[in-house]
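Coordinate analysis (summary)
Spelled out, the chains give:
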Amino acid sequence: MNKSTILASLKVVNHICFSLLLLTSIHTYAKDQTKQTLLPTDSKIQNKTDSTFTDYSNLNNRCAKIVTAAGKYGNTRHPDWGVFNKHSGFGPVGNYSWYAFGQYAPYAQARWAEDWSGLCNDPHKNDDWFNRLKYIPLNDSGDIWLSLNGNERFRHVFDSKPYMGFGAKTNSNRLLIRSVYGADLHIGSHVRAYAELINGVAGGSNTFGYQTGFQRKRLDMQQGFLEIKGNLLGAKMGAMGGRQYFVDAPLSMTSARELTNIRYSWDGFRGYAFWKNFRVDIFDFWQTDFSKDHVFGAGPSYNARMFGGLASYALPSFKVQNVNSQLYLDAFYIGYLYNGNAAGLPTPTPGKNRQGSTRRDNIGGRLNGNIGNFTIDITGIYQGGEFRPANSGSKTRPVRAYAFDAIFAYNFKNVPGNLSLGLQSDYFSGGNYHKDHGAVRNFAVPYFTTANYQDMTLYLATSNTVSTGPLITYNPTKKALVKLHAPVIWRANTNDTIYGVGFNYPLRDNYSGGFVGAIPQFTLAYAIAPHLVLTGDFGGVLASQSIKKAGGNDSAFLMETLDFRF
């Protein structure tokens, strides 16, 4: 380890120690403050000794016009989307962070998906000191208000042989620090402005990928948009313009890229409408480019565009074995336009691609929800479009690819804690690197999928794969989560290689057979204090003999995360 690496690592360690000391001080102060519980200002609430009543007539007129969150006093901390609050589907409605479990569940991956208006007159609002920052009235009526949020994340990642040994580094230790702070300004019931700042610090030894804008980033705007909303045609409608997260897609196609310091952001527009049993979303975005490291240097990348829409219908609810059941039927179109290395097609020669640009039209449907104690999630996608070679003498090739994903799980209601045993299976079609004409048949996944969906490390993309394996989640206590996923993976087409995000592996005729290997992965998370979650992720690749003969190796992956958010 050279001197510069040691100094960089020491700086990161000092930053971590200082930040931990600061967090400890904040937590101690917050704990002391919660003892000084303030009485609610509304006498109608004040005189109530039973806090379980749900009659909104007991809220005073001022707060009744302000509270838009679901639940008693709006204490769910998310907007009231009716039946879609139960939806585990696309977008922030169904995408609350998995690590915010149990009583600490109000924090969403997209913080603008939270609604803290219920603190206007919640008799329990002072139980948590940080609630003072979640609803700050700025006028006498209280309908202009500000909500603040923050996240400090400290992460250590060890990787014995990144990219199954095909990467340039071994025994990599990465130290990552992410600071995210946001402000959510509500101006009446129809206007909202949201801004979020990001700063990413990275160090360690035998590191890699720090020049991509994924890990290191000086202060910049992660999100910033204006939202106009209201009730129209019997629906709750709105439009959001600016920089924002996009999570309204199948988990196997894209995500907010939670694994890295810097998440995906998109510059553009989205509109939404929620009726009682039906919702519609439309969007048109350019990917935000964070590769420039100077302060506030991010901007739209015109090499990557994503656009489309989705619709979801909540089928009539029913009961199975006296268990409330609900199914949702989704339809979506998601279009990609992109070029560069991510759009290139592999050739028979490792390291060489057929360069060009591509349009991918993803048309799909999804059925998900619960039938009694069973949870189902079935998605089918047809991917059309075209590939335009950079060589002007080559013909444009059509795209004919498809994917199929299914998760079936049983939830044990009589077992202490929440235990779910399931099976996840996926198919993503592959192409043929020997062909330079005809239809392109590999299912392209140009953006990072959700971590833990198939490969915890995200080194292996879903293109040209067939996988199946158990999926187990368990909450042994309200403060703990255990998750196990162990997919076994094959190539969908042995005439195609395997892929990472934005590249393909140097596996051609030197790689025989379809078996890729197994990727067991295990997660343990524990809320050691309010707002503070410690997580350990353990995984690795058990490569097939064919992969090893072609130059690959087994690898081990360890990730430890301390996450503070309010």
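Scoring rules and cut-offs
- Residue numbers run consecutively from 1 along every chain, following the written order of its sequence.
- Confidence filtering applies because this is a predicted model: local features only for residues at pLDDT of at least 70, side-chain atom pairs given and counted only at 80 or more, and all residues used for totals across whole chains, interfaces and linings.
- In computing side-chain properties, one takes all heavy atoms of the structure into account and sets aside hydrogens as well as water.
- What counts as a ring pair is set by centres within 6.5 Å for rings of Phe, Tyr and Trp (its six-membered ring), and what kind of pair is set by the plane angle: stacked under 30 degrees, edge-to-face over 60, tilted for all other angles.
- Strands here mean DSSP runs of E at least two residues long; helices mean DSSP runs of H or I at least four residues long; both are numbered from the N terminus.
- Relative accessibility under 20% of the residue-type maximum defines a buried residue, over 50% an exposed one, and the middle range a partly exposed one, all with a 1.4 Å probe and only protein chains included.
- The term disulfide is used for any two cysteine sulfur atoms that are within 2.5 Å.
- Confidence of the predictor at the level of single residues is given by pLDDT, which spans 0 to 100.
- Contacts are residue-level and defined by heavy atoms, with any inter-residue pair within 4.5 Å sufficient.
- Residues form patches when they are more than 30% accessible in relative terms and have no salt bridge. Like charges link within 9 Å. Nonpolar side chains (Val, Leu, Ile, Met, Phe, Trp, Tyr) link within 5 Å.
- The accessible surface values rely on the Shrake-Rupley method and a 1.4 Å probe; as for residues, cover is taken only from the protein chains in view.
- Just to be clear on terms, a salt bridge is a Lys or Arg side-chain nitrogen sitting within 4 Å of an Asp or Glu carboxyl oxygen.

The full count for this structure, using the stated rule, is 39 aromatic pairs. Summarising the aromatic geometry, the rings of tyrosine 264 and tyrosine 447 are spaced 5.9 Å apart at their centres and angled 90° between planes, so their arrangement reads as edge-to-face. Of the two residues, tyrosine 264 sits in the loop between strand 6 (235-244) and strand 7 (266-274) while tyrosine 447 sits in the loop between strand 18 (418-428) and strand 19 (465-475), which places them 183 residues apart along the sequence. A single burial state applies to tyrosine 264 and to tyrosine 447, both of which are buried. Pairing phenylalanine 564 with phenylalanine 566 gives two aromatic rings, centres 6.2 Å apart and planes at 50°, and the pair type is tilted.

Note on terminology: disulfide describes a covalent bond linking the sulfur atoms of two cysteines. Taken as a whole and judged by the stated rule, the model has one disulfide. A sulfur-sulfur separation of 2.0 Å characterises the disulfide bridge that pairs cysteine 63 with cysteine 120. Disulfide cysteine 63 to cysteine 120: torsion about the S-S bond roughly -75°, handedness left-handed. Of this pair, cysteine 63 sits in helix 3 (residues 61-64) while cysteine 120 sits in the loop between helix 3 and strand 1 (136-137), placing them 57 residues apart in sequence. The pair cysteine 63 / cysteine 120 is uniform in exposure class, with both members buried.

Bringing unusual backbone geometry into the picture now. Unusually for a residue other than glycine, asparagine 206 sits at a positive phi of about 50°. Mapped onto the elements, asparagine 206 comes out in the loop between strand 4 (191-205) and strand 5 (217-232). For asparagine 206, a relative accessible area of 38% puts it in the partly exposed group. One non-glycine residue with positive phi stands out, namely glutamine 321, at about 50°. Tracing the backbone shows glutamine 321 in the loop between strand 10 (318-320) and strand 11 (323-339).

For the protein chain, the average pLDDT comes to 84, and 85% of its residues sit at 70 or higher. Low confidence marks residues 3-56, where pLDDT is under 50. Its contacts with residues over four positions away, or in another chain, come to 69 contacts.

On to a nonpolar patch on the surface, then. Taken together, Leu197, Leu219, Val295 and Phe296 make up a surface patch of nonpolar side chains, about 320 Å² in accessible area. Relative to the elements of secondary structure, leucine 219 occurs in strand 5. Relative accessible area serves as the criterion here: at 35%, leucine 219 is assigned to the partly exposed category.

It is worth spelling out the pattern of salt bridges at this point. Under the criterion given, the structure shown has 21 salt bridges. The partner of arginine 111 in a salt bridge is glutamate 114, with the nearest N and O atoms 2.4 Å apart. Each member of the pair arginine 111 and glutamate 114 is classed as buried. In this structure, glutamate 386 and arginine 359 form a salt bridge, with 3.9 Å as the shortest nitrogen-oxygen distance. With glutamate 386 in strand 15 (residues 374-389) and arginine 359 in strand 14 (residues 356-371), this pair connects stretches of sequence that are 27 residues apart. Residues joined by salt bridges that share partners form a network here, namely Arg153, Arg178, Glu258 and Arg263.

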